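Structural characterization, general
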Amino acid sequence: NKGQSHWVLSLDGQVDVEIRYRGYSKARAKKTMRTFEAATGWLLGDWGRHRKLNGDCKVRHLTIYDLSETQINDRDLMDFGKWDTWSFKRISGLYDTTVTSSNHGTMFLTAARQDDPDGLGRRSRIRVIAHETAHYWQDRSCRMSPVKKAEKMAKEFGRVFHLR
């Protein structure tokens, strides 16, 4: 229970995101939420404006899970993942809408190195959170296809955001 948190992030008093975190600690939850919030602000602001990610076509609540590197790459545990489209490589993050109800998105993240010896360093974790945050907003604004284009944009955003 110590690694569970709940927030409602309000953007400009118009768009609300209800977020639940399940992971290692309340301190990690706060850091994860701060990164999600900063990435969201940048993504829906100047960086994402011409990419049309600021329109809501559906409401998605979000649950964020911090998993060990072993858990997130366990094909049996994460059997809903599209492993064949990722060339069966190991992953660091995943955004999914199939494991819960229709108005819910789920973000799976590799834990921070402080929580898992095989976890991500600070900058890599920020990049992954930003990347998966981009997928959340792509989904919420109905811009998840074509998949290759959505993935390219999320990769670019994660790379640029973690360097800012």
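To start, this report covers the structure provided alongside it. (Residues numbered from 1 in each chain as written. Predicted model: local features only at pLDDT ≥ 70, side-chain atom pairs only at ≥ 80, totals over all residues. Heavy atoms only, no water.)

A short note on the side chain of Asp 116
Considering the arrangement of structural elements, one finds Asp 116 in the loop between strand S5 (104-110) and helix H4 (122-140). Despite its burial, Asp 116 remains without a salt bridge, the nearest opposite charge being carried by Arg 90 at 8.7 Å. Contacts of Asp 116, omitting those with residues within four sequence positions, involve Tyr 24, Ser 68, Glu 69 and Ala 111. (Helix = DSSP H or I, 4+ residues; strand = E, 2+ residues; numbered from the N terminus. Buried < 20%, exposed > 50% of the residue type's maximum accessible area, 1.4 Å probe, protein only. Lys, Arg positive; Asp, Glu negative; His and termini not counted. Salt bridge = Lys/Arg side-chain N within 4 Å of Asp/Glu carboxyl O. Contact = heavy atoms within 4.5 Å.)

Section: the packing of aromatic side chains
Given two aromatic rings, one states the distance between the centres and the angle between the planes to describe the pair. One pass over the full model with this rule turns up eight aromatic pairs. Consider the rings of Trp 42 and Phe 157, whose centres lie 5.8 Å apart with planes at 45°: the pair is tilted. You can see Trp 42 sitting in helix H1 (residues 26-44) and its partner Phe 157 sitting in helix H5 (residues 147-163), a full 115 residues away along the chain. On the basis of relative accessibility, which here comes to 28%, the residue Trp 42 falls in the partly exposed class. (Phe/Tyr/Trp six-rings, centres within 6.5 Å; stacked < 30°, edge-to-face > 60°.)

Focus: the sheet that holds strand S4 (residues 93-96)
Taken together, five strands build an open sheet; the order of strands is S1-S2-S3-S5-S4 and the sheet is mixed. In this open sheet, the two strands that pair with only one neighbour each are strand S1 (4-11) and S4. Across the sheet, the axes of successive neighbouring strands diverge by a mean angle of 15°, strand direction being ignored. Note: S1 against strand S2 (residues 15-22), eight bridges, orientation antiparallel. Looking across to S2, one finds that Ser 5 is bridged to Tyr 21. Across the face of the sheet, H1 comes into contact with S1, S2, strand S3 (61-67) and S5 while running at roughly 20° to S1. (Pairing = 2+ DSSP bridges. Axes fitted to C-alpha atoms, helices over the stretch in contact; angles between N-to-C directions.)

Considering a positive patch on the surface
Together, Lys 26, Lys 30, Lys 31, Arg 34, Arg 122 and Arg 123 make up a region of like positive charge exposed at the surface. Sorting the residues of the positive patch by element identifies H1 and H4 as the ones contributing at least two each. Sort the elements by how many residues they give to the positive patch and H1 lands first, with four residues. Along the chain, Arg 122 falls in helix H4. (Patch = residues over 30% accessible without salt bridge, like charges linked within 9 Å, V, L, I, M, F, W, Y side chains within 5 Å. Areas by Shrake-Rupley, 256 points an atom, 1.4 Å probe, with all protein chains shown as cover. Charge placed at Lys NZ, Arg CZ, Asp CG, Glu CD.)

A short note on the pairing of S5
Within S5, seven of the seven residues are buried, leaving the element largely enclosed by the surrounding structure. By the alternation rule, side chains of S5 split into His 104, Thr 106, Phe 108 and Thr 110 and Gly 105, Met 107 and Leu 109, which are all buried. Across four bridges, S4 lies against S5 in antiparallel orientation. By the bridge assignment, Asp 96 is partnered in S5 with Thr 106.

Here we look at the nonpolar core
Grouped together as the largest cluster of nonpolar side chains are 31 residues, with contacts concentrated most on Ile 19, Phe 36, Leu 62, Trp 137 and Phe 157. Among the elements of the structure, S1, S2, H1, S3, S5, H4 and H5 are those that each provide at least two residues to this core. Not counting chain neighbours up to four residues away, the residues in contact with Leu 62 comprise Glu 18, Ile 19, Arg 20, Phe 36, Tyr 95, His 104, Gly 105, Thr 106, Met 107 and Tyr 136. (Core = buried A, V, L, I, M, F, W, Y, C linked by side-chain atoms within 4.5 Å.)

A few points about the packing of H1 against H5
Relative to each other, H1 and H5 sit at 110°, their axes nearing to 11 Å. With respect to H5, the element H1 is oriented roughly perpendicular. Crossing of H1 over H5 shows right-handed handedness. Between H1, through Thr 35, Ala 38, Ala 39, Trp 42 and Leu 43, and H5, the contact on the second element is made entirely by Phe 157, Val 160 and Phe 161. For the contact of H1 with H5, the per-class residue count stands at seven nonpolar, one polar and no charged. (Parallel < 35°, antiparallel > 145°, perpendicular 65-115°, else oblique. Left-handed = near helix turned anticlockwise from the far one by under 90°. Nonpolar A, V, L, I, M, F, W, Y, C, P; charged D, E, K, R; others polar.)

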